[in-house]
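Below, each chain spelled out in residue letters.
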Amino acid sequence: GAVVSQHPSRVICKSGTSVKIECRSLDFQATTMFWYRQFPKQSLMLMATSNEGSKATYEQGVEKDKFLINHASLTLSTLTVTSAHPEDSSFYICSAPGVVGVGHTEAFFGQGTRLTVV
Amino acid sequence: SQELEQSPQSLIVQEGKNLTINCTSSKTLYGLYWYKQKYGEGLIFLMMLQKGGEEKSHEKITAKLDEKKQQSSLHITASQPSHAGIYLCGADPLQGAQKLVFGQGTRLTINP
């Protein structure tokens, strides 16, 4: 099946620094990718939709200047957490839609990135 | 907006026992997804249901969608330690965009 690769899987950074998380579709093209965040013992919450060739769209309450999204190509979306603070520590995970048209397949998720800001 | 409520929030069962996890939607479900997650790791796709009354099975896991398409259940038969994890139901409010809304999750523990 289709694979979405997310990197890094874990990162620890100092408060005030920026961290970039990459999400790649390995064997298919993804014009759209979704970014989710998951706090401990909570569910996944959609943060933003990454669109190849255009600006990302953010969910209500998500700061677009803090969470920079770039969809540079049909196989790569990046999320940069700028000026990270301890409250940004969370599990971030991306997904790409499956094939739409014939049938309806599942969204493909990356492995996730655990960000710890110290 | 669509909201999903999962129950129970946590579940501890003895190995070999059966169990059921429920997912109730505030709106009619277009696509209902079940995923399994080990804490802090990625999601493993289990099943997707679309039609009212639909039922799918994979190994010892069966998922059902009710006729009204507002409730789904996930049933595990003869549970094993490998079934332990967090089970998430997800809905696709935009009907095909796969921009999912998730329930809060059910944490399943299997005691040997």
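About the criteria used
As a convention, each chain's residues are numbered from 1 in the sequence order in which they are written. In the order they appear in the text, chains get letters beginning with A and ligands get numbers beginning with 1. Residue-level local features of this predicted model are given only where pLDDT is at least 70; pairs of side-chain atoms are given and counted only at 80 or more, and the full residue set underlies all totals for whole chains, interfaces and linings. By convention in this description, side-chain values take in all heavy atoms of the structure and omit both hydrogens and water. Strands are runs of DSSP state E lasting at least 2 residues, helices are runs of H or I lasting at least 4, and numbering of each runs from the N terminus. Relative accessibility under 20% of the residue-type maximum defines a buried residue, over 50% an exposed one, and the middle range a partly exposed one, all with a 1.4 Å probe and only protein chains included. Contacts are residue-level and defined by heavy atoms, with any inter-residue pair within 4.5 Å sufficient. His is not counted, nor are the chain ends, whereas Lys and Arg count as positive and Asp and Glu as negative. Lys charges are placed at NZ, Arg charges at CZ, Asp charges at CG and Glu charges at CD. Every case where a carboxyl oxygen of Asp or Glu lies within 4 Å of a side-chain nitrogen of Lys or Arg is listed as a salt bridge. Put plainly, a pocket is an open set of points on a 1 Å grid over the protein atoms alone with protein on both sides within 12 Å along at least five of seven lines, a cavity is a set where a 1.4 Å probe fits but cannot get out, and a lining residue has an atom within 4 Å of a point. Grid points are joined across faces, edges and corners, and a volume is the space filled by probe spheres set on the points. Nonpolar residues are Ala, Val, Leu, Ile, Met, Phe, Trp, Tyr, Cys and Pro. Charged residues are Asp, Glu, Lys and Arg, and all others, Gly as well, are polar. Take the buried residues of types Ala, Val, Leu, Ile, Met, Phe, Trp, Tyr and Cys, join any two whose side-chain atoms come within 4.5 Å, and each joined set is a nonpolar core. As a working definition, buried area equals the accessible area (1.4 Å probe) given up by two parts on being put together, with both sides summed. Two cysteine sulfurs form a disulfide in these notes if their separation is within 2.5 Å.

Caption draft 1: Spatial organisation of the overall build of chain B. Counting its secondary structure elements, chain B contains zero helices and 11 strands. The helix and strand sequence of chain B, counted from the amino end, reads β-β-β-β-β-β-β-β-β-β-β. Each principal axis of the C-alpha atoms in chain B carries an extent, and together these give about 40 × 30 × 20 Å. Out of the 112 residues belonging to chain B, those deemed buried represent 46%. Intrachain contacts of chain B at a sequence separation of at least 6 include 53% that bridge at least 24 residues. Counting 12 positive and 10 negative side-chain charges, chain B places the centres of these two groups 1 Å from one another.

Caption draft 2: How the structure looks around the side chain of Arg114(A). Tracing the sequence through the fold places Arg114(A) in strand 13 (residues 113–117). The charged side chain of Arg114(A) is buried without a salt bridge, its nearest counter-charge being Glu41(B) at 9.1 Å.

Caption draft 3: Molecular detail of the pattern of salt bridges. One pass over the structure, following the stated rule, counts five salt bridges over all chains. Here Arg24(A) makes a salt bridge to Glu22(A), at a shortest N to O gap of 3.5 Å. According to the relative accessible area criterion, Glu22(A) is partly exposed, its value standing at 24%. Glu55(B) is paired through a salt bridge with Lys64(B); the nearest N and O atoms lie 3.9 Å apart.

Caption draft 4: Highlighting the layout of surface pockets. The computed volume of the largest pocket comes to approximately 600 Å³. Met45(A), Leu46(A), Glu59(A), Gln2(B) and Val101(B) are, among the 24 residues lining the largest pocket, the residues nearest its centre. Where the lining of the largest pocket is concerned, the elements lending two or more residues are strand 4 (32–38) and strand 5 (44–51) of chain A together with strand 10 (101–102) of chain B. For the lining of the largest pocket, the leading source of residues is strand 5 of chain A, giving four residues. Here the lining of the largest pocket is composed, by residue class, of 13 nonpolar, seven polar and four charged.

Caption draft 5: Focus on the nonpolar core. Residues and elements named next belong to chain A. Core analysis: the biggest nonpolar cluster contains 25 residues, and Val4, Trp35, Phe67, Leu79, Tyr92 and Leu115 have the highest contact counts within it. Counting residues per element, the ones that place at least two in this core are strand 2 (10–13), strand 3 (19–25), strand 4, strand 5, strand 7 (67–73), strand 8 (76–81), strand 9 (90–96) and strand 13. The residues contacting leucine 115, other than those within four sequence positions of it, are Val11, Cys13, Val19, Val81, Asp88, Ser89, Ser90 and Tyr92.

Caption draft 6: Region of the structure containing the interface of chain B and chain A. At the interface, 23 residues of chain B touch 25 residues of chain A. Both faces combined, the contact of chain B with chain A buries some 1800 Å², and carbon together with sulfur accounts for 55% of it. If you sort the residues of chain B by the area they bury against chain A, Tyr39(B), Gln98(B) and Lys99(B) come out on top, with a joint share of 32%. Where chain B meets chain A, there are one salt bridge.

Caption draft 7: Local environment of the state of the cysteines. Residue and element names in this part refer to chain A. On inspection of all chains with the given rule, the structure shows two disulfides over all chains. For cysteine 23, the disulfide goes to cysteine 94, at an S-S distance of 2.0 Å. What sets the handedness of the cysteine 23 and cysteine 94 disulfide is the S-S torsion sign, and at about 85 degrees it is right-handed. With cysteine 23 in strand 3 and cysteine 94 in strand 9, this residue pair connects regions lying 71 residues apart in the sequence.

Caption draft 8: Quick look at the environment of Ser1(B). All names here are of chain B. In this fold, serine 1 is placed in the segment before strand 1 (4–7). Residue serine 1 is classed as exposed on the basis of its relative accessible area of 76%. Note: C-alpha distance between serine 1 and isoleucine 61 (60 residues apart in sequence) is 29 Å.

In short, shape yes, function no, at least from these values alone.
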